[in-house]
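If you want the building blocks of each chain, they are given just below.
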Amino acid sequence: MEIKFAARTDLMQASEIREAYKLSAIPGLIAFSGGAPDPTTFPVEELKKSAVRVFDQYGPLAIQYFMTEGSPELREWIVEHMKKTRNINVPVEEVAIIDGGQQGLDFTSKIFINEGDILLCENPTYQGALNAFKAYNPTFMGVETDDDGVVPEALREVLSKNDVRMIYVNPDFQNPTGRRWTLERRQAFMDVIKDFDVVVLEDDPYGDLAYDGSLMPPLKSYDEKGQIIYLSSFSKIVAPGLRVAWVSASPEILEKYIFAKQAADLQASTLCQMIIADFLKNNSLDDHLKLVRKVYERKGGVMIDAIRREFPDSVKVNTPKGGLFLWGEMPQGVDTLEVLRKCAENKVAFINGRAFFPESGHDNCFRLSFSAAPEDQIPEGIRRMAEVIKTFV
Ligand SMILES: Cc1ncc(COP(=O)(O)O)c(C=O)c1O
């Protein structure tokens, strides 16, 4: 039988990153490719206790259907958390639980993007977002960024010349660059977008992971026109396998997410939401985050020290102050996909830069993640990478 797939499935074909992940399966390979959190940061014992308490307290209701918007208790906690740590003041009716920030990326494109609409992303941007958006066949455009964030003049120019439907940004310890926008750039971004009828999806899974515990106000905290849709997740601050995240938007917009959620899977897991809510009630997230930040600060430091020792000077790598990623550039003309293939033969993997750009190019860039690889393997992995890089530069 000839199987007739929807045309959309062609658009859903995975990108370069698949290749990096395929290579990561080689036995003995040290993977700086995946962005999974370090499993040693997961509060396993505390979550185990929460699971038992939830079943004791709620019995069968812990595994019954639940409301589409999500657990009221959890949403109340999120409202307080956003108020306390992000200066975002919204009522509980403006928060809904979803299954991971990734689902929020899918829903957002479903809600806002008609085929061919212009979707503006940072250059570079999270490749998982590009994959989610691709299925809706937008026209991708990239906007110039530097170490401080989106360049406001470039943003104004793109918005003035094009009918941009939606902007996707990740201002805090961005995947893939690890950059955090400055306060001035956040204000400048808001000053520009308020002159245009455009919605902005602000993706914030890493804001809590500043190594010094400092916090920046998200774009959402400046939002006066209801333009910002704020997305955050428990994946990087508690554990990703529970698949609990949230979206906050004006009531008019949030209603569409709730319809999308209902149509997609009715609700997020009752049990997982209750476990997270119980964990947050009986433990201090602040104390937990102190431990998590320490792990990433230390592992990032180990990687940077090894890079300084091993990599040729012509390879530039940044030093982020939070998050899970380092961003690097090899000299112009070096194709990091070729470097990656050779590195895989030498049993180390990273992700080549092309995967993170909405438009093509930037073949000399690369992302290194220090979250998933065990700390004691990081120096050896960097040594193996350096061996290969020296044959290219
Ligand atoms: C920027 C960004 N957004 C969203 C996600 C998806 O995370 P989750 O679906 O686990 O919340 C990730 C995962 O790495 C990410 O880096």
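You'll find the structure just up there.
Figured I'd write up the structure that's included with this text. Because the structure is predicted, anything quoted here is derived from the model rather than measured.

Looking only at helices and strands, one finds 13 helices and 14 strands in the protein chain. Computed over C-alpha atoms, the radius of gyration of the protein chain comes to 21 Å, within 12% of the 21 Å expected from 2.2 N^0.38 for 393 residues, which places it in the range of a compact globule. Expressed along its principal axes, the backbone C-alpha trace of the protein chain runs to roughly 60 × 60 × 55 Å. Long-range pairs, those at least 24 residues apart, make up 77% of the contacts in the protein chain between residues at least 6 apart in sequence.

One turn of the α-helix equals 3.6 residues, which is why residues spaced by three or four share an orientation. Within the sequence span of helix α12 (residues 336–345), burial applies to Thr-336, Val-339, Leu-340, Cys-343 and Ala-344. For α12, the arc enclosing every buried residue in end-on projection is 135°, short of the 170-degree limit, so these residues lie on one face. Backbone geometry just after α12 places Lys-347 at a positive phi near 60°.

In the vicinity of the ligand, 14 residues are found, and the nearest of them are Gly-100, Gly-101, Gln-102, Ser-233 and Ser-235. Of the residues assigned to the shell around the ligand, the class counts are four nonpolar, nine polar and one charged.

So, about the sheet that holds strand β5 (residues 149–150). Pairing between the strands of a sheet comes from backbone hydrogen bonds, and it takes one of two forms, parallel or antiparallel. If you trace the eight strands from one edge of the open sheet to the other, you get β2-β9-β8-β7-β6-β3-β4-β5, paired in mixed fashion. Each end of this open sheet is capped by a strand with a single partner; those strands are β2 (95–98) and β5. Along the sheet face, helix α7 (residues 152–161) touches β3 (118–123), β4 (139–146), β5 and β6 (164–169) and points at about 160° away from the line of β4.

Right, let's get into the nonpolar core. Core analysis: the biggest nonpolar cluster contains 106 residues, and Phe-32, Val-200, Ile-229, Ile-276, Ala-349 and Phe-350 have the highest contact counts within it. Element by element, the count of residues in this core is highest for helix α10 (residues 270–282), at seven residues. Composition of this core by domain shows at least three residues from each of domain 1 (8–42 + 287–389) and domain 2 (57–281). When neighbours within four sequence positions are excluded, Val-200 is seen to be in contact with Ile-167, Val-169, Ile-193, Leu-219, Gln-227, Ile-228 and Ile-229.

Conventions and cut-offs
Residues numbered from 1 in each chain as written. Predicted model: local features only at pLDDT ≥ 70, side-chain atom pairs only at ≥ 80, totals over all residues. Helix = DSSP H or I, 4+ residues; strand = E, 2+ residues; numbered from the N terminus. Rg over C-alpha atoms; globule rule 2.2 N^0.38 Å. Contact = placed C-beta atoms within 7 Å. Buried ≥ 20, exposed ≤ 12 C-beta atoms within 10 Å, placed from the backbone. Arc of directions from axis to C-beta. Near = placed C-beta within 6 Å. Nonpolar A, V, L, I, M, F, W, Y, C, P; charged D, E, K, R; others polar. Pairing = 2+ DSSP bridges. Axes fitted to C-alpha atoms, helices over the stretch in contact; angles between N-to-C directions. Core = buried A, V, L, I, M, F, W, Y, C linked by C-beta atoms within 7 Å. Domains from an automatic or database assignment.

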